[in-house]
Amino acid sequence: MNAKTLISLAAAAALSPLAMDSHAAAAAAPESATAATAATSARQPITRADQLPRRTVTLAKLPSEYLSAPLSELSAMGAQLETEVKDDLARYDIQDAATLRAYYSALATLAQLRGDWAAVPAWTAKSRALQEKIGGQLSAGLLTDLLSQQRLEKRDAAWLRAEVEKRYGALPWADVQESIKSGKGGAETYNPELVLGAFRSQIDAMATNGKMVVPDSIALAIISSRLQAELFAPNKAAIVAGLQAVIDANTKTQARADLWTPRTFAIPAEAKATPVVVAVWDSGVDMALFKPAAPLAGLAFDEDAKPSPELLRPLGEAQSRWPQLRSLIKGAMDQRAALDTPDSRQFRATMSGLKAEQVKGFSEDMSLTSLYVHGTHVAGIAVEGNPFARVFAATQLWSAKLEPKLPTEAQARATAAAYGQMVESFKKAGVRVVNMSWRYGPSAYEGALAFHNQGGTPEARKAEAARLFKIERDALRAAIAGAPDIVFVAGSGNEDNSADFQEYIPAGFELPNLITAGAVDTAGQETSFSTFGKTVVVHANGFEVDSFVPGGARMKLSGTSMASPQVANLAAKLIALKPSLKASEVKALILQGAERMNGADGKPGRVQLIHPRKSAELAGIRL
């Protein structure tokens, strides 16, 4: 199965210009239960995503054709979804804040579709009340409210621009700057042609395969995207100008104190330390940039789980476009950070100039480039400041294509076997630390089966996805558990959701030799994207982290992909300086050295920020 790397790219936000707002989350609302009048008795508790029944919607035309259709043509679809969502909320006690937020955001979207502008703020308020991060508590749903108020009061774009500046400008900059900057970046690169192209190349194909029967989440995505064209597109310039004014007004605002950098340390080249082999289980590594493990520098498998000689993913025919693609990736990250650089200007120009027929090729280029840079960037973080680190490239050549492969039992068993072979290679190579900045769950299989209209009914498809996923999950768990002398580190995910509710591997495992890490910024504040849950036991800097990309250039990327190797970096340094440490002891030292940070309410929260210097001190290492 193709895992998902844990990098947060601004390019993805181009399809959701309201990503700073709870409105955009509506497109990802979970599929709900069978419609019926809810009983007045106690509601059924829902503690895991797989307990939610699945539902479908039958479309009258291709999804892309709804994007330019009159809103009235979406009314029946919206009414069906609204009835079902409200019935779900009455029937089920959904014990997951992220899922409930998606439901309430969906109801805000559906109220907009009906033109019931006055009803929108109540739903966004309910969603905002369930936000668990300070940025979301302050700003989620704000743009949805303003767009609805504009329609209700028949205000013009000048009013909206002023209100955006006023309302966002009144929020504490330190707490909302990430969402405002990334939101402005997404708004600025919004292009209806890009949305249309994405629908034609992916969602239309799913609908055609399914004979126009699609998951209800797709129906909600259609409505949300159509409303973006109706509400957002005419106001794009006003929204961007208002957000830019807020950013400009805070250019001289003092940044929050950097808590991260003073905690880190580097091992001097002359230190009494032992070489330590660090495996980067990822999308491929440019080994020319690092000291390789010897005698075996790595092991690779292709997208079919067959052995491959390529430790760094080949770009193929895209190799000649690498300089331009690298600039686009950097421009996407600069755009996310609201930086006006030559790369961000080129990125904006490229995004705004795309035509629908170019979107598939562009998206696959960006996907390929992301996979190409990911593993090398992660490796650079994992070995930073450690001259004794030796890199083992554990390469998975995941597909960069938009269309998912059809899951089969044969493929699941091949992937399961590859997991076992990979971990066996770690043992033979003397690997002591493994970083895994990727994750996936049964929903990936379920989505692929739905795309190909395989697996039977939605409920049968859910069961088949769970069965196939279990083959790989159990094999990966057994392989990691069977290597107790190796420290494994996983990234939690970038979905701002609970890993207790949505099942993911490897981040969801609870094993004595595995650590799952979430992401914070340098001030120690949990990032807006970081997934959380009981298995997320530590946090590290994963925001705009500087590292290598293939060829040796450096770039800042964000994601739990960047936080996880910070933890692996610490584990490798502890072992290099004290090689007698067991994997369980290394994990204990990292956890014991971590500091619980205060949450938005000023009380100790869920962030456990690692403290490399303190962990070294606990190990008896003098720095």
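The shown structure was predicted, so the numbers you read here are calculated from the model rather than taken from an experiment. (Residues numbered from 1 in each chain as written. Predicted model: local features only at pLDDT ≥ 70, side-chain atom pairs only at ≥ 80, totals over all residues. Heavy atoms only, no water.)

Peer 1: Explain the pattern of salt bridges to me, please; I cannot follow it from the model alone.
Peer 2: If the charged atoms of two oppositely charged side chains come close together, the side chains can form a pair. In the structure shown here, the tally under the stated rule is 41 salt bridges. Taking the shortest distance from any N to any O, the salt bridge between K86 and E82 comes out at 3.3 Å. Remark: E82 and K86 occur in helix α4 (residues 75-91); sequence separation between them is four residues, near one turn of the helix. Residue class for E82 comes out buried when judged on its relative accessible area of 7%. Salt bridges here are not isolated pairs; linked through shared partners, they connect R101, E132, K133, D496, E526 and R606. (Salt bridge = Lys/Arg side-chain N within 4 Å of Asp/Glu carboxyl O. Helix = DSSP H or I, 4+ residues; strand = E, 2+ residues; numbered from the N terminus. Buried < 20%, exposed > 50% of the residue type's maximum accessible area, 1.4 Å probe, protein only.)

Peer 1: Any chance you could explain helix α17 (residues 409-429) here in plain terms?
Peer 2: Each turn of an α-helix holds 3.6 residues, which means side chains three or four residues apart point in the same direction. For α17, which comprises 21 residues, the first-to-last C-alpha distance of 30 Å matches the rise-based estimate of 30 Å (1.5 Å per residue) to within 8%. Q411, A412, T415, A416, A418, Y419, M422, V423, S425, F426 and A429 are the residues of α17 that are buried. Trailing α17 by a residue or two, G430 shows a phi angle of about 70°, which is positive. (Expected span 1.5 Å × (residues − 1).)

Peer 1: I tried to follow the pairing of strand β9 (residues 389-396) on my own but got confused; where do I start?
Peer 2: Successive side chains on a regular strand alternate, one facing one side of the sheet and the next facing the other. β9 sits mainly inside the fold: seven of its eight residues count as buried. Here seven bridges tie strand β6 (residues 276-282) to β9, and the two strands are oriented parallel to one another. Within β9, the position partnered with V280 by the bridge is A393. Strand direction decides the pairing type here: strand β7 (residues 298-301) and β9, joined by four bridges, are parallel. (Pairing = 2+ DSSP bridges.)

Peer 1: Sorry, what's going on with the side chain of D282 here?
Peer 2: Counting through the fold element by element, D282 comes out in strand β6. Polar side-chain contacts of D282 include one of 2.5 Å to the side chain of H374. Engagement of the side chain of D282 in a polar contact is seen with the backbone nitrogen of G375, the distance being 3.4 Å. (Polar contact = N/O pair within 3.5 Å; in protein donor to acceptor, adjacent residues only side chain to side chain.)

Peer 1: So what exactly am I meant to see when it comes to the packing of helix α11 (residues 192-209) against helix α12 (residues 216-232) here?
Peer 2: Helix-helix packing is characterised by the crossing angle of the two axes and by the distance between the axes. Packing of α11 against α12 brings their axes to within 12 Å, and their N-to-C directions diverge by 160°. The angle between the axes of α11 and α12 places the two elements in the roughly antiparallel class. Considering the relative orientation of α11 and α12, their crossing is left-handed. Note on element contacts: α12 touches α11 through I218, A221, I222 and S225, opposite V195, F199, I203 and M206. (Axes fitted to C-alpha atoms, helices over the stretch in contact; angles between N-to-C directions. Parallel < 35°, antiparallel > 145°, perpendicular 65-115°, else oblique. Left-handed = near helix turned anticlockwise from the far one by under 90°. Contact = heavy atoms within 4.5 Å.)

Peer 1: What is the right way to read the packing of α4 against α12 from this model?
Peer 2: Put simply, α4 and α12 touch, their axes get as near as 10 Å, and they point 125° apart. With respect to each other, α4 and α12 are oriented oblique. Like other packed secondary-structure pairs, α4 and α12 cross with a definite hand, here left-handed. Residues M77, G78 and L81 of α4 form the contact with α12, whose participating residues are D216, A219, L220 and I223.

Peer 1: It is not clear to me how the packing of aromatic side chains should be interpreted in this structure. Could you clarify?
Peer 2: Aromatic rings in a pair are described by how distant their centres are and how their planes are angled relative to each other. Counted under the stated rule, the structure contains 13 aromatic pairs. Ring centres of Y190 and F232 lie 5.0 Å apart, and the angle between their planes is 85°; this geometry places the pair in the edge-to-face category. On the criterion of sequence distance, the pair formed by Y190 in the loop between α10 (173-188) and α11 and F232 in helix α12 is long-range, its members being 42 residues apart. Pair check on accessibility: Y190 and F232 agree, each one buried. When the centroid spacing of 5.6 Å and the interplanar angle of 70° are considered together, the rings of W281 and W438 count as edge-to-face. Note that W281 is positioned in strand β6 and W438 in strand β11 (residues 438-439), a separation of 157 residues in sequence. The same class applies to W281 and to W438, which are both buried. Each residue in the set W281, F392, W398, Y419, F426, W438, Y440, F469 and F488 is aromatic and connected to the rest through ring pairs, giving one cluster. Of note, R439 hangs over the ring of Y504, and the distance from its end group to the ring centre comes to 4.3 Å. (Phe/Tyr/Trp six-rings, centres within 6.5 Å; stacked < 30°, edge-to-face > 60°. Lys NZ or Arg CZ within 6 Å of the ring centre and 35° of its normal.)

Peer 1: Even after reading the chapter, I still don't get the nonpolar core, so can you show me in this structure?
Peer 2: Side chains of a nonpolar character, in soluble globular proteins, are inclined to be buried together. Within the largest apolar cluster, 117 residues are counted, with the highest numbers of intra-cluster contacts made by W281, F426, F488 and I590. Of the residues forming this core, the biggest block, twelve residues, is contributed by helix α16 (residues 359-383). Apart from the residues lying within four places of it in its own chain, the contact partners of W281 are A394, Q396, Y419, M422, V423, F426, V434, N435, M436, S437, W438 and L476. Listed in part, the 49 residues of the second largest apolar core include L81, W173, L196 and L243. (Core = buried A, V, L, I, M, F, W, Y, C linked by side-chain atoms within 4.5 Å.)

Peer 1: Honestly, helix α19 (residues 458-481) in this entry has me stumped. Any pointers?
Peer 2: The end-to-end C-alpha distance of α19, which contains 24 residues, comes to 34 Å, matching closely the 34 Å that a straight helix rising 1.5 Å per residue would cover. Of all the bends in α19, the greatest measures close to 25° and is centred on K470. R461, K462, A465, L468, F469, I471, E472, R473, L476, A479 and I480 are the residues of α19 that are buried. Residues of α19 that are buried sit in contact with β6, α17, β10 (431-436), β11, α18 (442-451) and β12 (487-491). (Bend = angle between axes of the 7 residues up to and from the residue.)

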